[in-house]
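This is what each chain is made of:
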Amino acid sequence: MEIISLGSGSTGNCYRVSDGHTALLLECGLPLREIRRGLDFKLTDVEGCLVSHEHLDHARSAPEIMKAGVDIYASTGTFDALSLFGHRAHVLDAPTRIGTWLVTPFAAEHDAAEPLGFVLDSGGERLMYSGDTCFIRPKIPGISHLMIEANHTWEAIRGSDLDRSVKNRTIKTHMSLETVKGFLAANDRSRLREVWLLHLSDRHSDEGEFRRQIQQMTGVPVIVATTSAETAHASARERPSPPLPVCSDQVPDVVVADDTAAFTPPDEDAPEIPW
Ligand SMILES: [Zn+2]
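Parameters at a glance
Residues numbered from 1 in each chain as written. Predicted model: local features only at pLDDT ≥ 70, side-chain atom pairs only at ≥ 80, totals over all residues. Helix = DSSP H or I, 4+ residues; strand = E, 2+ residues; numbered from the N terminus. Buried ≥ 20, exposed ≤ 12 C-beta atoms within 10 Å, placed from the backbone. Contact = placed C-beta atoms within 7 Å. Pairing = 2+ DSSP bridges. Axes fitted to C-alpha atoms, helices over the stretch in contact; angles between N-to-C directions. Expected span 1.5 Å × (residues − 1). Core = buried A, V, L, I, M, F, W, Y, C linked by C-beta atoms within 7 Å. pLDDT = per-residue confidence, 0-100. Arc of directions from axis to C-beta.

A. Here's a closer look at the overall build of the chain. Each helix and strand counted, the chain has 10 helices and 13 strands in total. The buried share of the chain, taken over its 275 residues, is 42%. Across the chain, every contact between residues at least 6 apart in sequence was considered, and the portion connecting residues at least 24 apart equals 63%.

Here it is in structure tokens:
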């Protein structure tokens with residue numbers, strides 16, 4: 001399995017994964033020309049693009065990708081929010097074959113219309129991709145390659161000078177390092193070979209420390225997907241980042257000072273994605 005990060009973080013997320021036969025994009029949150037460049041201008045070699053939710057840092061180029069002839073896979077809610085329709089828009093609501101991959105969606109916990117995470121199976125290997133999510137509800141045995149959001153630590157959020165509402169939004173919609181560890185502790189890691197940490201917050205994470213802690217816990221190589229400096233520079237020059245869709249303010253308050261209030265334990269009754 002080959003995983004390449006074209007960009008990770010709030011300036012745009014996009015990854016290419018391949019099992020040696022079928023290449024897929026996970027997200028298309030970068031400007032199209034950056035995606036083309038990251039793919040060596042071989043966009044049409046990609047069999048499809050999975051989009052976890054409609055926020056622009058994940059879906060910015062979805063209309064252009066479709067026009068360029070690449071199929072998009074997402075939830076109905078995501079397609080509706082993006083106003084994307086047509087024969088290249090495939091609703092992902094059940095395990096679906098895309099080339100040599102079997103893609104199984106699961107519901108993510110994020111302030112978007114119908115956010116998803118994905119489990120991708122091929123040739124006895126299993127990749128789990130989390131997208132933006134506060135936690136991961138299903139049990140997912142047999143993961144060999146884990147791509148998971150690790151946005152912040154609670155300590156960094158607590159000590160931050162951010163507005164209380166922004167702190168609460170972050171904790172309720174993005175995954176902390178503590179929750180990543182909770183996920184790893186609650187799931188079978190016997191086949192785990194590689195961990196990618198995604199979407200680190202510039203202000204509330206420490207790349208070296210995140211890598212060290214997860215490597216120590218799992219004993220496998222840990223790669224931190226950072227924003228490509230070249231990509232960030234090019235998109236800033238091209239145009240100012242458009243505002244992200246407004247986040248829901250219906251999210252209930254959490255007490256930031258109390259770890260236990262923010263931590264969502266693994267759900268014992270959650271469905272298991274069979275291995
Ligand atoms: Zn988002």
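B. Region of the structure containing the sheet that holds strand β11 (residues 145-149). Strand order in this open sheet of seven strands is β7-β8-β9-β10-β11-β12-β13, and the pairing throughout is mixed. Since the sheet does not close on itself, it has two edges, and those belong to β7 (96-98) and β13 (222-224), each with one partner. The average undirected angle you get between the axes of adjacent strands in this sheet is 20°. In this structure, β7 lies alongside strand β8 (residues 101-107), joined through three bridges in antiparallel fashion. Within β8, the residue paired with Thr-96 across the bridge is Val-103. Running over the sheet, helix α8 (residues 207-218) touches β12 (194-198) and β13 and is turned about 160° from β13.

C. Representation of the sheet that holds strand β6 (residues 89-91) within the structure. Strand order in the open sheet made by the six strands is β1-β2-β3-β4-β5-β6, with mixed pairing throughout. This sheet does not close on itself; its edge strands, each paired only once, are β1 (2-7) and β6. Strand-to-strand, the axes of this sheet are offset by a mean angle of 25°, without reference to chain direction.

D. A look at the environment of Ser-205. Topologically, Ser-205 is positioned in the loop between β12 and α8. When the 20 C-beta atoms within 10 Å are taken as the criterion, Ser-205 is described as buried. Considered as a pair, Ser-205 and Ile-157 are 48 residues apart in the sequence and their alpha carbons are 9.3 Å apart. Every residue in contact with Ser-205, bar those within four places of it in the chain, is listed here: Ala-150, Asn-151, His-152, Thr-153, Ala-156, Leu-200 and Phe-210.

E. Examining unusual backbone geometry more closely. One non-glycine residue, Asp-40, lies in positive phi territory at about 55°. Checked against the element boundaries, Asp-40 lands in the loop between α1 (32-38) and β4 (46-50). Assessed through the 8 C-beta atoms surrounding it within 10 Å, Asp-40 is described here as exposed.

F. Molecular detail of α8. With 12 residues, α8 should reach 16 Å at 1.5 Å per residue; the first-to-last C-alpha distance of 17 Å fits that figure. Phi for Gly-219, located one or two positions after α8, is positive at around 75°.

G. Quick peek at the pairing of strand β2 (residues 14-18). Here β2 lies mainly inside the structure; four of its five residues are buried. Here β1 hands over to β2 after six residues, with Gly-9 in that stretch at a positive phi of 125°. The pairing of β2 with strand β3 (residues 23-26) spans four bridges and is classified as antiparallel. From the neighbouring strand, Arg-16 faces β3, where its bridge partner is Leu-25.

H. Quick peek at the nonpolar core. Core analysis: the biggest nonpolar cluster contains 55 residues, and Cys-28, Cys-49, Met-147, Ala-150 and Leu-197 have the highest contact counts within it. Dropping the residues within four chain positions of it, Leu-197 is found in contact with Ile-148, Ala-150, Phe-210, Arg-211, Ile-214, Val-222, Val-224 and Ala-225.

I. Up close: the environment of His-145. Relative to the elements of secondary structure, His-145 occurs in strand β11. Accessibility expressed as a C-beta count within 10 Å gives 21 for His-145, which makes it buried. A C-alpha to C-alpha distance of 7.8 Å links His-145 and Trp-196, two positions 51 residues apart in sequence. Leaving out residues up to four positions away in the same chain, His-145 has contacts with Met-1, Ile-3, Glu-125, Leu-127, Arg-193 and Glu-194.

J. Highlighting the confidence of the model for the chain. Averaged over all residues, the pLDDT of the chain is 84; the fraction at 70 or higher stands at 83%. Within the model, the stretch residues 229-263 combines pLDDT values under 50 with 47 contacts to residues more than four positions away or in other chains.

K. Molecular detail of the pairing of β8. Hairpin connection from β7 to β8: two residues lie between these consecutive antiparallel strands, with Gly-99 at a positive phi of about 60°. Of the strand pairs in this sheet, β8 and strand β9 (residues 116-122) are connected by six bridges, and their pairing is antiparallel. Paired with Val-103 across the two strands is Leu-120, which belongs to β9.

L. View of helix α7 (residues 177-186). Looking at α7, one finds that the buried residues are Leu-177, Thr-179, Val-180 and Phe-183. Looking down the long axis of α7, one finds its buried residues gathered within 160° of arc, a one-sided arrangement. Considering only its buried residues, α7 is in contact with β11 and α8.

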